[in-house]
Amino acid sequence: MTRTIVATPQDLTITPRPLGIGKHANAARWWHGGDPIATTWFNALSATFPQGETFFIEAVRRYRDDVGPALKEQIAAFVQQEAMHTREHVAFNKLIKQAGYDTSAMDEYTRKRLDIARKRHPIGQLAMTVALEHFTAIMAHALLVDRDPLPGAPDDVRKLWHWHAIEEIEHKSVAYDTYLAATKNISGLYRYYIRCKVMFLVSLLFWRANIRHMADFFRQDGINTPRTWWRVAKYLFGTPGMARKIFVPYMSFYVPGFHPWKHDDRALIARIERELQKSE
Ligand SMILES: [Fe+2]
Ligand SMILES: [Fe+2]
């Protein structure tokens, strides 16, 4: 029996879209409709994005001359998209600070973690990027597939997250394809082992960092209590249920022969993009 090999669609285009709204957005402390749980979940993610995405750019760009022309072009578009995400989330994170939060401990924690990551072998750094890009793509899908993603957010902030989610889905295979190209001389079994091992470790670090940052925000709000964390559990596993929704797509990464485009969600991003344009 022949197995169908799924790869990046040949007609995929990765389009860096200018945004520039972060600095004009609303700066309410609990900007997500006054809900500290939803606000903190997104704030904690955003706190790590600028440094994290800079790391992704470095890890992928390092291989741009070792890949074919089509992937090289995709890497260039990936770098542009991630650089713009960094810029917009720097602006958004300034709003978080203006709302009265001190994010310096989170920034320092992220810097230290990434300093450790930068000491790893370049293939290891690329595998970490592959793992985190899988997280961003499946979270982006889970966010956009909701009938009303970020219902309590002001328009500009909602737009920022929708825009970011669209581009994360669009470029979801770039790090993965770069990893396949960079490890082409390694046995299939060994490269499968590396990506799964790294994914497992990165998953622990990803959740640890998010929980740590959320606790920091809750402490600053004086609500770091069991009741708050019970509400977090309900938010992540109940409604809207981001952690619940990403569980199966997350596990698909461990299936041999996984490829991000086995799940083609281009129709979803086309629909959200149309809605974004209409709202302009
Ligand atoms: Fe991004
Ligand atoms: Fe990304």
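Quick look at the structure, then. (Residues numbered from 1 in each chain as written. Chains lettered and ligands numbered in written order. Predicted model: local features only at pLDDT ≥ 70, side-chain atom pairs only at ≥ 80, totals over all residues. Heavy atoms only, no water.)

**Overview of the nonpolar core**
Then, in step 1: By size, the foremost hydrophobic cluster in this structure holds 81 residues, and its most contacted members are Trp31, Trp41, Phe42, Phe92, Leu144, Trp161 and Met242.
Then, in step 2: If you tally residues by element for this core, the top one is helix H4 (residues 122-145), at 13 residues.
Then, in step 3: Excluding its chain neighbours within four sequence positions, the residues that come into contact with Phe92 are Trp31, Asn43, Ser46, Val157, Leu160 and Trp161. (Core = buried A, V, L, I, M, F, W, Y, C linked by side-chain atoms within 4.5 Å. Buried < 20%, exposed > 50% of the residue type's maximum accessible area, 1.4 Å probe, protein only. Helix = DSSP H or I, 4+ residues; strand = E, 2+ residues; numbered from the N terminus. Contact = heavy atoms within 4.5 Å.)

**Re the environment of Trp161**
Then, in step 1: Its location among the elements puts Trp161 in helix H5 (residues 155-170).
Then, in step 2: Apart from residues no more than four positions distant in its own chain, Trp161 is found in contact with Trp31, Phe42, Leu45, Ser46, Phe49, His89, Phe92, Leu143 and Leu150.

**What to know about a nonpolar patch on the surface**
Then, in step 1: On the surface, a nonpolar cluster with roughly 310 Å² of combined accessible area is contributed by Phe200, Leu201 and Leu204.
Then, in step 2: Checked against the element boundaries, Phe200 lands in helix H7 (residues 188-221). (Patch = residues over 30% accessible without salt bridge, like charges linked within 9 Å, V, L, I, M, F, W, Y side chains within 5 Å. Areas by Shrake-Rupley, 256 points an atom, 1.4 Å probe, with all protein chains shown as cover. Salt bridge = Lys/Arg side-chain N within 4 Å of Asp/Glu carboxyl O.)

**Comments concerning the coordination of the iron ion (ligand 2)**
Then, in step 1: Bound to the iron ion (ligand 2) on the protein side are Glu82 (OE), Glu133 (OE), Glu133 (OE), Glu168 (OE), Glu168 (OE) and His171 (NE2), at distances that span 1.9 to 2.7 Å.
Then, in step 2: Read from N- to C-terminus, the donor residues coordinating the iron ion (ligand 2) fall into the pattern E-x50-E-x34-E-x2-H.
Then, in step 3: The metal-metal distance between the iron ion (ligand 2) and the iron ion (ligand 1) is 3.8 Å, with Glu82 serving as a donor to both. Of the two residues, Glu133 is situated in helix H4 and His171 in the loop between H5 and helix H6 (174-182); the sequence distance between them amounts to 38 residues. (Donors = N, O, S within 2.8 Å, 3.2 Å for Na, K, Ca; no water.)

**Section: the pattern of salt bridges**
Then, in step 1: Taken as a whole, this structure holds 16 salt bridges when the rule is applied.
Then, in step 2: Ionic pairing is found between Arg17 and Glu167, a salt bridge with its closest N-O pair at 3.2 Å. Within this pair, whereas Arg17 is found in the segment before helix H1 (36-61), its partner Glu167 is found in helix H5, the two being separated by 150 residues in sequence.
Then, in step 3: Of the residues examined, Arg17 reaches a relative accessible area of 12% and is grouped as buried.
Then, in step 4: The shortest N-O distance in the salt bridge between Arg29 and Asp221 comes to 2.8 Å. Residue Arg29 is found in the segment before H1, and its partner Asp221 is found in helix H7; the two are separated by 192 residues along the sequence.

**Observations concerning the side chain of Arg17**
Then, in step 1: Among the polar contacts made by the side chain of Arg17, one reaches the side chain of Glu170 at a distance of 2.9 Å.
Then, in step 2: Not counting residues up to four positions away in its chain, the partners in contact with Arg17 are Gln81, Met84, Trp163, Ile166, Glu167, Glu170 and Glu273. (Polar contact = N/O pair within 3.5 Å; in protein donor to acceptor, adjacent residues only side chain to side chain.)

**Quick word on H7**
Then, in step 1: Between its terminal C-alpha atoms H7 stretches 49 Å, which fits the 50 Å expected from 34 residues at 1.5 Å a residue.
Then, in step 2: A positive phi of about 70° marks Gly222, the residue just after H7. (Expected span 1.5 Å × (residues − 1).)

**Some words on a positive patch on the surface**
Then, in step 1: On the surface, Lys112, Arg113, Arg208, Arg212 and Arg219 cluster together into a positively charged patch.
Then, in step 2: Of all elements in the fold, only helix H3 (104-117) and H7 reach the threshold of two or more residues within the positive patch.
Then, in step 3: Mapped onto the fold, Arg113 is located in helix H3. (Lys, Arg positive; Asp, Glu negative; His and termini not counted. Charge placed at Lys NZ, Arg CZ, Asp CG, Glu CD.)

**Examining the side chain of His141**
Then, in step 1: Among the secondary structure elements, His141 is positioned in helix H4.
Then, in step 2: With sequence-adjacent residues up to four places away left out, His141 is seen in contact with Ile169, His263, Asp265 and Leu268.

**Some details on the packing of aromatic side chains**
Then, in step 1: Summed over the entire model, instances satisfying the criterion amount to 16 aromatic pairs.
Then, in step 2: Ring geometry for Tyr250 and Tyr254: centres 5.5 Å apart, planes at 80°, overall edge-to-face. This pair shows no difference in class: Tyr250 is buried, exactly as Tyr254 is.
Then, in step 3: The structure contains a cluster of three or more aromatic residues connected by ring pairs, namely Trp41, Phe135, Tyr176, Phe206, Trp207, Tyr250, Phe253, Tyr254 and Phe258.
Then, in step 4: A cation sits over an aromatic face here: Lys172 above Trp261, 4.4 Å from the ring centre.
Then, in step 5: The lysine or arginine in question, Arg266, covers the ring of Trp261, its NZ or CZ lying 5.9 Å from the ring centre. (Phe/Tyr/Trp six-rings, centres within 6.5 Å; stacked < 30°, edge-to-face > 60°. Lys NZ or Arg CZ within 6 Å of the ring centre and 35° of its normal.)

**Some details on the packing of H5 against helix H10 (residues 266-278)**
Then, in step 1: Remark: H5 packs on H10, axes separated minimally by 10 Å, with the N-to-C direction vectors making an angle of 150°. When the axes of H5 and H10 are compared, the pair comes out roughly antiparallel. For H5 against H10, the interelement crossing comes out left-handed. Where H5 approaches H10, its residues Lys159, His162, Trp163, Ile166, Ile169 and Glu170 are matched on the opposing element by Leu268, Ile269, Ile272, Glu273 and Leu276.
Then, in step 2: Broken down by class, the residue content of the contact of H5 with H10 amounts to seven nonpolar, one polar and three charged. (Axes fitted to C-alpha atoms, helices over the stretch in contact; angles between N-to-C directions. Parallel < 35°, antiparallel > 145°, perpendicular 65-115°, else oblique. Left-handed = near helix turned anticlockwise from the far one by under 90°. Nonpolar A, V, L, I, M, F, W, Y, C, P; charged D, E, K, R; others polar.)

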